[in-house]
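Letter by letter, the chains look like this.
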Amino acid sequence: MSPKISNFTMHDALGNSVLVREWLQWVRSHNGPGDFGVTTHYTWSVDGNRVCVPVDIAQVTWNELPDASGFICFEKGFRSDNCYVLDAYGNERYRLRVPWEQTPYDVPAGAKMWFRNVGTHNDGQFGVAAWIEFAGDFYFELDYHEGCFLWGKEIRF
């Protein structure tokens with residue numbers, strides 16, 4: 001059994017802290033996010049040990065994986081490998097590349113593409129959303145234990 005994280009918390013420079021899963025509730029109770037400063041670090045517990053990691057949220061965002069076995073992170077910037085998965089201690093397990101091959105489109109070499117964020121889909125359990133030049137927005141179902149994409153589906157607005 002892999003270690004699980006608990007109490008994933010974000011902290012700001014003003015001394016505020018909030019459990020990430022309670023962020024929207026905190027925003028509502030404080031009349032918006034304005035009272036919370038810029039997030040400077042995350043903390044969480046693994047097997048009773050506290051982990052603290054500084055973070056620059058202008059450069060990377062973190063999301064807890066559904067089974068609490070780690071995190072999926074999205075770096076800012078327009079690169080095809082701007083997403084990676086961390087283990088429960090915050091160590092990189094693997095980096096993902098946009099699987100443009102799973103689209104029905106002929107995407108030319110050098111096309112711009114990047115992951116946007118965690119996505120959800122009625123047919124799936126966990127995945128990521130990505131934008132691909134010449135193809136558009138896609139949802140890709142991710143097996144985050146194996147580090148592979150199971151399928152992709154175009155997002156139509």
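The structure under discussion appears in the preceding block.
Residues numbered from 1 in each chain as written. Predicted model: local features only at pLDDT ≥ 70, side-chain atom pairs only at ≥ 80, totals over all residues. Heavy atoms only, no water.

Peer 1: Looking at this model, I keep getting lost on unusual backbone geometry. Mind explaining?
Peer 2: Trans is the common state for peptide bonds, and a negative phi is the common state for residues other than glycine. Although it is not a glycine, Asp47 adopts a positive phi angle of roughly 50°. With respect to the helices and strands, Asp47 occurs in the loop between β3 (39-46) and β4 (49-54). Asp47 sits in the exposed class, given a relative accessible area of 57%. (Helix = DSSP H or I, 4+ residues; strand = E, 2+ residues; numbered from the N terminus. Buried < 20%, exposed > 50% of the residue type's maximum accessible area, 1.4 Å probe, protein only.)

Peer 1: How should the pattern of salt bridges be read in this particular structure?
Peer 2: Two side chains with opposite charge may pair up if their charged atoms get near one another. Evaluated as defined, the whole model comprises eight salt bridges. Arg95 serves as the salt-bridge partner of Glu92, at 3.8 Å between the closest nitrogen and oxygen. Glu92 sits in the partly exposed class, given a relative accessible area of 44%. Residue classification places Arg95 among the partly exposed positions, given a relative accessible area of 32%. For the salt bridge of Arg116 with Asp137, the shortest nitrogen-to-oxygen distance reads 2.9 Å. Placement of Arg116 in strand β9 (residues 113-119) and of Asp137 in strand β11 (residues 136-143) is noted, with a sequence separation of 21 residues between them. Residue class for Asp137 comes out buried when judged on its relative accessible area of 14%. Here the salt bridges do not stand alone but share partners, grouping Glu75, Arg79, Asp81, Glu92 and Arg95 into one network. (Salt bridge = Lys/Arg side-chain N within 4 Å of Asp/Glu carboxyl O.)

Peer 1: Would you take a moment to explain the nonpolar core for this structure?
Peer 2: Side chains of a nonpolar character, in soluble globular proteins, are inclined to be buried together. In terms of nonpolar packing, the biggest core is built from 22 residues, with Ile72, Leu96, Phe115, Ile132 and Phe140 touching the most fellow members. Secondary-structure elements contributing two or more residues to this core are β6 (70-75), β7 (83-87), β8 (92-96), β9, β10 (127-132) and β11. (Core = buried A, V, L, I, M, F, W, Y, C linked by side-chain atoms within 4.5 Å.)

Peer 1: What should I look at first to understand the side chain of Asp12 in this one?
Peer 2: Mapped onto the elements of the fold, Asp12 is located in strand β1 (residues 5-12). Despite being buried, Asp12 has no salt bridge partner; Arg50 is the closest side chain of opposite charge, sitting 12 Å away. A polar contact is formed between the side chain of Asp12 and the backbone nitrogen of Gly15, at a distance of 2.9 Å. Among the polar contacts made by the side chain of Asp12, one reaches the main-chain amide nitrogen of Asn16 at a distance of 2.7 Å. Those residues within four positions of Asp12 in sequence are excluded, and the remaining contacts are Asp35, Phe36, Gly37, Val38, Thr39 and Thr40. (Lys, Arg positive; Asp, Glu negative; His and termini not counted. Polar contact = N/O pair within 3.5 Å; in protein donor to acceptor, adjacent residues only side chain to side chain. Contact = heavy atoms within 4.5 Å.)

Peer 1: Honestly, the pairing of β8 in this entry has me stumped. Any pointers?
Peer 2: Put simply, side chains in a regular strand alternate between the two faces of the sheet. Here β7 pairs with β8 via four bridges, running antiparallel. Residue pairing in the sheet places Val85 in a bridge with Tyr94 of β8. Linking β7 to β8, which pair antiparallel, is a turn of four residues; within it Gly90 sits at a positive phi near 90°. (Pairing = 2+ DSSP bridges.)

Peer 1: I would appreciate a short explanation of the environment of Asp143 in the present structure.
Peer 2: By secondary structure assignment, the location of Asp143 is in strand β11. Sequence spacing of Asp143 and Phe126 is 17 residues, and the spatial spacing of their C-alpha atoms is 7.7 Å. There is a polar contact of 3.1 Å between the side chain of Asp143 and the backbone nitrogen of Glu146.

Peer 1: Explain the sheet that holds β1 here, please?
Peer 2: The pairing of strands in a sheet comes from backbone hydrogen bonds and takes either a parallel or an antiparallel form. Sheet architecture is open: four strands sit in the order β2-β1-β3-β4, paired in antiparallel fashion. This sheet does not close on itself; its edge strands, each paired only once, are β2 (17-19) and β4. Between one strand axis and the next, the sheet turns through 25° on average, direction left out of account. Two strands pair when backbone bridges link them, and β1 and β3 are joined in this way by six bridges, in the antiparallel orientation. Residue Met10 lies in a different strand from β3, and its bridge partner there is Tyr42. (Axes fitted to C-alpha atoms, helices over the stretch in contact; angles between N-to-C directions.)

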